[in-house]
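Report on the structure
Listed below, chain by chain, are the residues.
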Amino acid sequence: TLRPAGALFWFGLIAWMLNPAWMAWSAMPLPGWTRWTGAVLAAAGAALLVWTFRSLGPNLTDTVVTRREHTLVLRGPYRRVRHPLYDSAALLTLGVSLMAANWFLLAAGAVVFGLLIIRTRVEEEHLVARFGDSYLVYTQRTGRFLPRRRMKAG
């Protein structure tokens, strides 16, 4: 389900990029500052994506399967959150949708992110099976998508 939803987003985006009139049926009126905010979000998402890829190195896969040679990555954005790749996808999707001022792209992106949220449960089960207590300890100090707030010792 994730790949077809992602394909819908990409087909819509490519259609908008080739000829915005093709996607005029789903245009939404947005002020210029909102579209510029989208550009900033997309740039932040792209930067996070590059940082995440560099941090993952050979551990990158397109499935939830954890391979035997994989290591538990705790550097880069993984120091704070467990799924920065999905965060970057959300930022990019939201940013591009706002830049294009297009509700179809926004809706397709929301469906994709919703499916990614569901996918994280399965992915984390695989990571617990592969890395055991090390991963469980890691989950206690990091947030799934947002950094955990640190409690001050009193």
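Residues numbered from 1 in each chain as written. Predicted model: local features only at pLDDT ≥ 70, side-chain atom pairs only at ≥ 80, totals over all residues. Heavy atoms only, no water.

Moving on to a positive patch on the surface. The grouping of Arg 79, Arg 80, Arg 141 and Arg 150 at the surface amounts to a positive patch. Its location among the elements puts Arg 150 in the segment after α5 (133–141). Residue Arg 150 is classed as exposed on the basis of its relative accessible area of 59%. (Patch = residues over 30% accessible without salt bridge, like charges linked within 9 Å, V, L, I, M, F, W, Y side chains within 5 Å. Areas by Shrake-Rupley, 256 points an atom, 1.4 Å probe, with all protein chains shown as cover. Salt bridge = Lys/Arg side-chain N within 4 Å of Asp/Glu carboxyl O. Lys, Arg positive; Asp, Glu negative; His and termini not counted. Charge placed at Lys NZ, Arg CZ, Asp CG, Glu CD. Helix = DSSP H or I, 4+ residues; strand = E, 2+ residues; numbered from the N terminus. Buried < 20%, exposed > 50% of the residue type's maximum accessible area, 1.4 Å probe, protein only.)

Our next topic: a nonpolar patch on the surface. On the surface, Trp 10, Ile 14, Leu 18 and Trp 22 cluster together into a nonpolar patch covering about 500 Å² of accessible area. Under the relative-accessibility criterion, Leu 18 is labelled exposed at 64%.

So, about the packing of helix α2 (residues 32–56) against helix α3 (residues 84–100). Interhelical geometry of α2 versus α3 gives an angle of 155° and a closest axis separation of 7 Å. The angle between the axes of α2 and α3 places the two elements in the roughly antiparallel class. The handedness of the crossing between α2 and α3 comes out as left-handed. Class assignment of the residues belonging to the contact of α2 with α3 gives a composition of 17 nonpolar, 6 polar and 2 charged. (Axes fitted to C-alpha atoms, helices over the stretch in contact; angles between N-to-C directions. Parallel < 35°, antiparallel > 145°, perpendicular 65-115°, else oblique. Left-handed = near helix turned anticlockwise from the far one by under 90°. Nonpolar A, V, L, I, M, F, W, Y, C, P; charged D, E, K, R; others polar.)

We now examine the packing of helix α1 (residues 2–18) against helix α4 (residues 103–131). Relative orientation of the contacting elements α1 and α4 amounts to 155°, with a least axis distance of 9 Å. Accordingly, the angle class assigned to the pair α1 and α4 is roughly antiparallel. As for the relative orientation of α1 and α4, their crossing is left-handed in sense. Together, Leu 2, Ala 5, Gly 6, Leu 8, Phe 9, Gly 12 and Leu 13 of α1 and Phe 104, Leu 105, Ala 108, Gly 109, Val 111, Val 112, Leu 115, Leu 116 and Arg 119 of α4 make up the contact between the two elements. Of the residues contributing to the contact of α1 with α4, the split by class is 12 nonpolar, 3 polar and 1 charged. (Contact = heavy atoms within 4.5 Å.)

The final tally for this structure, using the stated rule, is 2 salt bridges. Across the salt bridge formed by Glu 124 and Arg 82, the nearest N and O atoms sit 2.7 Å from each other. Residue Glu 124 is located in helix α4, and its partner Arg 82 is located in the loop between α2 and α3; the two are separated by 42 residues in the primary sequence. The same class applies to Glu 124 and to Arg 82, which are both buried. In this structure, Glu 124 engages Arg 144 in a salt bridge whose closest nitrogen and oxygen atoms are separated by 3.0 Å. Highlighted residues: Glu 124 in helix α4 and Arg 144 in the segment after α5, separated in sequence by 20 residues. By relative accessible area, which is 28% here, Arg 144 ends up partly exposed.

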